[in-house]
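Structural features, examined
Chain by chain, the residues run as shown.
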Amino acid sequence: MPATGLRLAMIGLGTVGTGVVKLLTQRPEHLRALGVGPLHLKTVVVRDSGKVRAVDVGSARVTTDFDLVVNDPEIDVVIEVMGGIEPARTRIAALLRAGKHVVTANKAVLAEHGRELFEIARQADRAIVFEASVAGGIPILAALAETLSVNRIQRVSGIVNGTCNYILTAMHERGLGYAEALLQAQHLGFAEADPTLDVNGSDAAQKLAILARLAFQSRVDWRSIRRLGIDELHSMDIQFAAELGYVIKLLAEGEVAGGRLSLQVTPKLVHKSHPLAQIRGEYNAVRVEGDAVGDLLFSGKGAGELPTASSVVAGVLDLATGRGQQTFRALRLWEESPAGPAFEPGLHAKSRFYLRFTISDKPGTLARITSILGEHGISIASVIQHETPENEPGQPVPLIIMTHEAEDERVRQSLVEADRLEIVRAPSVCLPVAAHER
Ligand code: NAP
Ligand code: HSE
């Protein structure tokens, strides 16, 4: 451990950066007791140096000039919490080449350019520490990379986007509209600068790609992960799901079966008795199934100022003790080494399905739809159709069908056929139902 401690710089002073400053400056006794030597935040790079900040950075210089960090030989570690792809990618590369270790919370840049950045770090004998990039405050990457490393991991699945989980919880429990719930998630600092990445499933796919590299040693391009977000979800489906005893969650799932890896991000109905149904608000949960350890569930705050800063500062402490450098050297992530199981983006799964048809309330409608499902071998478990309000005769009505277990491809084909019927008045909705815990 260096007796002189570490000199730090940070790029970004938004939600996460603010939390990092609080943890570094507001608990000196606690940090001293850890015996890591003084951690001195020397420079903070921002986009707008005139902005009023939510935290006092003490003696740190706040600047827009990145060169003051990259060219400063005193700085050992740089915390990158600005987010996005560029200029984050170019800056991380320059910092590593300039001999600085990097702690980052930026899953987007790692999912997109991890291989290049890790290679630069190895060549420069520097470390990239990135626990905060997946599931905020939950130490899931350390668990996969270190504590569970003897296991062959069969499954990694769960809720990894706090913004989506916050929105879905607010819509389900408080009856909020989608737009209002998203605004709240943004105000609370959970969402990405471009929240489209959260709600369209991209952020979860980027995190799943990182998890898959650690869990399955598989080379996965996050863009090839089959993904659906919550941006096209209708509040009516949240209400019908509740009526049936379910909540809707955005699940990221990776599973190895028959030597093939399947990965997907999709909204699913989760029964209220399922452990993931209890994960509310910005909380995340990651379930890991290893051949030796069995089933584990990690849960906690997956987004927000202090939970994410907790993982960032833990990374700084790891570098101060030398653990971070050691872990990085041992990690074979993004190396040109033998890869894990082959990734099959279009693997067709079987599950139960929730289907919503928008139909004309006419004699024979139900029979025509159920006969299409029957022709595809899809068995029906339950049906909901509410009466048309008397003052709205002729209005299309929702017809909800819950199926028994069926093949994804057959269900989709039957919906294509059903949607061609003149009695079906809008594109049908199809959501898988998460399997009950084994
Ligand atoms: P944020 O609140 O939007 O803050 C971004 C900060 O970066 C701002 O201080 C901004 O400066 C600065 N910045 C942006 N572009 C810059 C540029 N070109 N040059 C210099 N500074 C620049 O973002 P955040 O929520 O803290 O997220 C930061 C990172 O952490 C992202 O990679 C995100 O994915 C990740 N993360 C966030 C959370 C969370 O809960 N928020 C959780 C886990 C991981 P100004 O203040 O001057 O505009
Ligand atoms: N926008 C991300 C989320 C931040 O909502 O989960 C945490 O990575």
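Just above sits the structure.
Bear in mind that the values here come from a model prediction, so they are computed numbers and not experimental data.

What counts and what doesn't
Residues numbered from 1 in each chain as written. Chains lettered and ligands numbered in written order. Predicted model: local features only at pLDDT ≥ 70, side-chain atom pairs only at ≥ 80, totals over all residues. Heavy atoms only, no water. Near = heavy atom within 4 Å. Polar contact = N/O pair within 3.5 Å; in protein donor to acceptor, adjacent residues only side chain to side chain. Areas by Shrake-Rupley, 256 points an atom, 1.4 Å probe, with all protein chains shown as cover. Nonpolar A, V, L, I, M, F, W, Y, C, P; charged D, E, K, R; others polar. Core = buried A, V, L, I, M, F, W, Y, C linked by side-chain atoms within 4.5 Å. Buried < 20%, exposed > 50% of the residue type's maximum accessible area, 1.4 Å probe, protein only. Contact = heavy atoms within 4.5 Å. Helix = DSSP H or I, 4+ residues; strand = E, 2+ residues; numbered from the N terminus. Arc of directions from axis to C-beta.

With that settled, the discussion passes to the site of ligand 2. Close contacts around ligand 2 come from 13 residues, with Gly162, Thr163, Phe190, Glu192 and Asp198 the closest. Measuring from a nitrogen atom of ligand 2, one finds a side-chain N or O atom of glutamate 192 at 2.7 Å. Note that a nitrogen atom of ligand 2 is positioned 2.7 Å from one of the side-chain N or O atoms of aspartate 198. Computed on the free molecule, ligand 2 has an accessible area of 260 Å², of which 93% lies beneath the protein chains in the complex. The class makeup of the residues in the shell around ligand 2 is four nonpolar, four polar and five charged.

Another aspect to go through is the site of ligand 1. Taken together, the neighbourhood of ligand 1 is formed by 25 residues, with Leu13, Arg53, Lys107, Glu192 and Gly304 sitting nearest. One of the backbone nitrogen or oxygen atoms of glycine 189 is found 2.8 Å away from a nitrogen atom of ligand 1. Taking glycine 304, its main chain carries an N or O atom lying 2.6 Å from an oxygen atom of ligand 1. When ligand 1 sits alone it has 900 Å² of accessible area, and the protein chains cover 87% of it. Looking at the shell around ligand 1 residue by residue, the classes come out as ten nonpolar, eight polar and seven charged.

With that settled, the discussion passes to the nonpolar core. Ranked by internal contacts, the top residues of the largest apolar core, which has 117 residues, are Leu39 and Ile140. Each residue touching leucine 39, except ones within four places of it in the same chain, is listed here: Leu6, Leu8, Leu24, Leu31, Val316, Leu317 and Ala320. If you look at the next biggest cluster of nonpolar residues, it comprises 19 residues, including Leu355, Phe357, Ile369 and Leu373.

What follows is about unusual backbone geometry. Geometrically, the link from glutamate 86 to proline 87 is a cis peptide bond, its omega value of 10° lying close to zero. Mapped onto the elements, proline 87 comes out in the loop between β4 (77–80) and α4 (88–97). Within the chain, alanine 135 stands out as a residue other than glycine whose phi angle is a positive 60°. For alanine 135, the position within the fold is in the loop between β6 (128–129) and α6 (140–147).

Moving on: helix α14 (residues 365–375). Inspection of α14 places Thr365, Ile369, Ile372 and Leu373 among the buried residues, and these make up the whole buried set. Considered in projection along α14, the buried side chains sweep an arc of 100° and stay on one side of the axis. Structurally, α14 contributes buried residues whose contacts are with β14 (350–359), β15 (380–384), β16 (397–403), α15 (408–419) and β18 (424–433). Positive backbone phi, at 75°, marks glycine 377, one or two positions downstream of α14.

On their own, these measurements won't tell you what the molecule is for.
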